[in-house]
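One-letter residues, chain by chain:
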Amino acid sequence: MIKQKAAVWFVEIAVKRHEIPPIPFFSLEATNADLEPELQTAFARFVARQWYILGEGLAAFEQAYAHFSGTRFCVGVGNGFDALYLALRALQIGPGDEVVVPAHTFSATALSVSHTGARPVFAEPDAQTGNVTAATLEPCLSPRTRAVVPVHLYGQPCAMDAILALAARRGLQVVEDNAQAHGATFQGKTTGSFGLVNATSFYPTKNLGALGDGGGITTDDPALADQLRQLRNYGSAEKYHHAEAGVNSRLDEWQADVLRLKLAHVSRWTDQRRILAARYHTALAGVGDLQRPVVAEGASPVWYLYVVRTARRDALQRYLADRQIGTLLHYPVPVPLQPVYAREGYRPGDFPEAERWSATCLSLPLYPGLTEAAQTRVIDAIRAFFAKKESDV
């Protein structure tokens, strides 16, 4: 214990003297450096093709990502929000309908529902996993409910067997939001393949991230795949002929090339994330009131984020920031309490479980390229924080 305290003290002195570099919450430095030769070659091919929208690069990526997801089809679109919005549009969801979404997630999930004209209804997260479950979704259902949108939050798969059973019993569609869980599985089946149509994001920080914005929609239904291709392209299946009020949301050829290149490395990067998560999980056991992530039975997460919980969250974040360790809050305000939904009349206290998550969650650094030495600094700093009296931090 004395040696550990001395090591922490020496690190803190070195940090103050700028002798040790800061630890960012997230960095692409290692993966970009790893892929730089391949990216340069791919870019030269992309420029030489002289076809930059809806070409062979996109078709190749869509086929590869569909295979990765265990689905028949993938339709590449401009971003994750559009993927959700167009998936709902393809199911003919609109004004007068209700769609149940998590109260604790990124706001895009609910906003995509709002943009269809339907009403998002907010379900509480499970107290242990943070994900919605069949038990938290069911009280939100009404005769107007058309679909439920489970989000595989932080890379942790939802318990999809019970959600699918609930949906089948009530005649509802399931649209997975798989933006944070590329390659995760539940009971051996890949997330993004459970629902009739499912959405994902390829935002640069995701486990599979583009060098810009991007999104995708997966399905096994050929008619839905055709409709989605039409919706993303101004509602047009034939140039200058428009069958419906579509949008301009097309994953461009360069991002498709990048994503197909990166897809070959995702399993390796996921293995690195799992090693880092396991190290956190072991080292942070029994530390203060810190709650480590809980994984649903049958789920195999991909650790998009490693999120801990503590009643001393704000003080811990400040303490780590003082030691140049980056963290983030995912997510500090429940979606129904965001100003955009003020018209619904929700008040603090209406979503107690989501509010507890928002008040206590803290995301720690975790990404491919995070070294063992850097992670040890994070762990030692957290342990040192909880070893101090509250009045001392």
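Residues numbered from 1 in each chain as written. Predicted model: local features only at pLDDT ≥ 70, side-chain atom pairs only at ≥ 80, totals over all residues. Heavy atoms only, no water.

(A) Layout of the packing of helix α2 (residues 29–49) against helix α9 (residues 253–263). The interhelical angle for the contact between α2 and α9, taken along N-to-C directions, is 145°, at an axis separation of 10 Å. In the packing of α2 onto α9, the handedness of the crossing is right-handed. On α9, the residues that touch Leu35, Glu38, Leu39, Ala42, Phe43, Phe46 and Arg49 of α2 are Glu253, Trp254, Asp257, Val258, Leu261 and Lys262. Across the contact of α2 with α9, the residue classes tally to eight nonpolar, no polar and five charged. (Axes fitted to C-alpha atoms, helices over the stretch in contact; angles between N-to-C directions. Helix = DSSP H or I, 4+ residues; strand = E, 2+ residues; numbered from the N terminus. Left-handed = near helix turned anticlockwise from the far one by under 90°. Contact = heavy atoms within 4.5 Å. Nonpolar A, V, L, I, M, F, W, Y, C, P; charged D, E, K, R; others polar.)

(B) Highlighting the sheet that holds strand β8 (residues 197–201). Spatial ordering of the open sheet is given by β1-β9-β8, a layout of three strands whose pairing is antiparallel. Looking at which strands have only one partner, the edges of the open sheet turn out to be β1 (73–77) and β8. Here the strands of the sheet are splayed against their neighbours by 20° on average, with no regard to which way each runs. Note: β1 against strand β9 (residues 215–219), five bridges, orientation antiparallel. Bridge pairing in β9 links Val77 to Gly215. Against the sheet, helix α3 (residues 56–69) touches β1, β8 and β9, its axis set at about 130° to β1. Packing of helix α4 (residues 80–90) onto the sheet brings it into contact with β1, β8 and β9, and relative to β8 it is tilted by some 170°. (Pairing = 2+ DSSP bridges.)

(C) Local environment of the UniProt feature "active site" (unreviewed entry) in the protein. The feature "active site" (unreviewed entry), as given by UniProt, occupies Lys206 in the numbering adopted here. Considering the arrangement of structural elements, one finds Lys206 in the loop between β8 and β9. Each residue touching Lys206, except ones within four places of it in the same chain, is listed here: Ala179, Gln180, His182, Ser201 and Tyr304. (UniProt positions renumbered as here; feature names shortened; annotations may be inferred.)

(D) A look at the pairing of β1. For β1, the buried fraction is high: five of the five residues fall into the buried class. The side-chain alternation of β1 yields two buried faces, one formed by Phe73, Val75 and Val77 and the other by Cys74 and Gly76. (Buried < 20%, exposed > 50% of the residue type's maximum accessible area, 1.4 Å probe, protein only.)

(E) Region of the structure containing empty space enclosed by the protein. Evaluated as defined, the whole model comprises one cavity of 30 Å³ or more. The volume enclosed by the largest cavity comes to roughly 100 Å³. The wall of the largest cavity is formed by 14 residues, among which Leu28, Thr31, Lys206, Asn207 and Trp269 lie closest to the centre. Grouping the constituent residues of the lining of the largest cavity by class yields six nonpolar, five polar and three charged. Here the lining of the largest cavity spans two domains, since at least three of its residues come from each of domain 1 (28–260) and domain 2 (266–387). (1 Å grid on protein atoms, 1.4 Å probe; cavity = no way out; pocket = protein on both sides within 12 Å on 5 of 7 lines; lining within 4 Å. Points joined across faces, edges and corners; volume = space filled by probe spheres on them. Domains from an automatic or database assignment.)

(F) The pattern of salt bridges, seen in detail. Evaluation of the coordinates by the stated rule reveals 14 salt bridges. The partner of Arg49 in a salt bridge is Asp257, with the nearest N and O atoms 2.9 Å apart. Of this pair, Arg49 sits in helix α2 while Asp257 sits in helix α9, and the two are 208 residues apart along the sequence. Salt-bridge contacts for Glu344 lead to Arg119; the nearest nitrogen and oxygen are separated by 3.2 Å. Residue Glu344 is located in the loop between α11 (313–322) and α12 (352–360), and its partner Arg119 is located in strand β3 (residues 119–123); the two are separated by 225 residues in the primary sequence. (Salt bridge = Lys/Arg side-chain N within 4 Å of Asp/Glu carboxyl O.)

(G) Looking closely at the packing of aromatic side chains. Applying the stated rule across the entire model yields 20 aromatic pairs. With centroids separated by 5.9 Å and ring planes inclined at 75°, the aromatic side chains of Phe26 and Tyr367 adopt a geometry described as edge-to-face. Here Phe26 is found in the loop between α1 (2–16) and α2, whereas its partner Tyr367 is found in the loop between β12 (361–364) and α13 (372–387), with 341 residues between them in sequence. Overall, Phe26 belongs to the partly exposed group, its relative accessible area being 24%. Judged by centre distance (5.7 Å) and plane angle (35°), the ring pair of Tyr65 and Phe68 falls under tilted. Here Tyr65 and its partner Phe68 are both found in helix α3, three residues apart, which amounts to about one turn of the helix. (Phe/Tyr/Trp six-rings, centres within 6.5 Å; stacked < 30°, edge-to-face > 60°.)

(H) Focus on the UniProt feature "modified residue: N6-(pyridoxal phosphate)lysine" (unreviewed entry) in the protein. Listed under "modified residue: N6-(pyridoxal phosphate)lysine" (unreviewed entry) in the UniProt record, and renumbered for this structure, are Lys206. Exposure remark for Lys206: the relative accessible area of 14% places this residue in the buried category.

(I) Representation of the side chain of Ser27. Position of Ser27 among the secondary structure elements: in the loop between α1 and α2. Owing to a relative accessible area of 18%, Ser27 belongs among the buried residues under this scheme. The contact partners of Ser27, leaving out residues within four places of it in the chain, are Tyr367 and Pro368.

(J) Fine view of unusual backbone geometry. Between His330 and Tyr331 the backbone carries a cis peptide bond, its omega angle lying at 15°. Within the secondary structure layout, Tyr331 lies in the loop between α11 and α12. Notably, Tyr234 is not glycine yet its phi reads approximately 60°, a positive angle. What makes Tyr234 partly exposed here is its relative accessible area of 39%. The phi dihedral of Gln324 falls on the positive side, at around 60°, and the residue is not glycine. With respect to the element layout, Gln324 can be found in the loop between α11 and α12.

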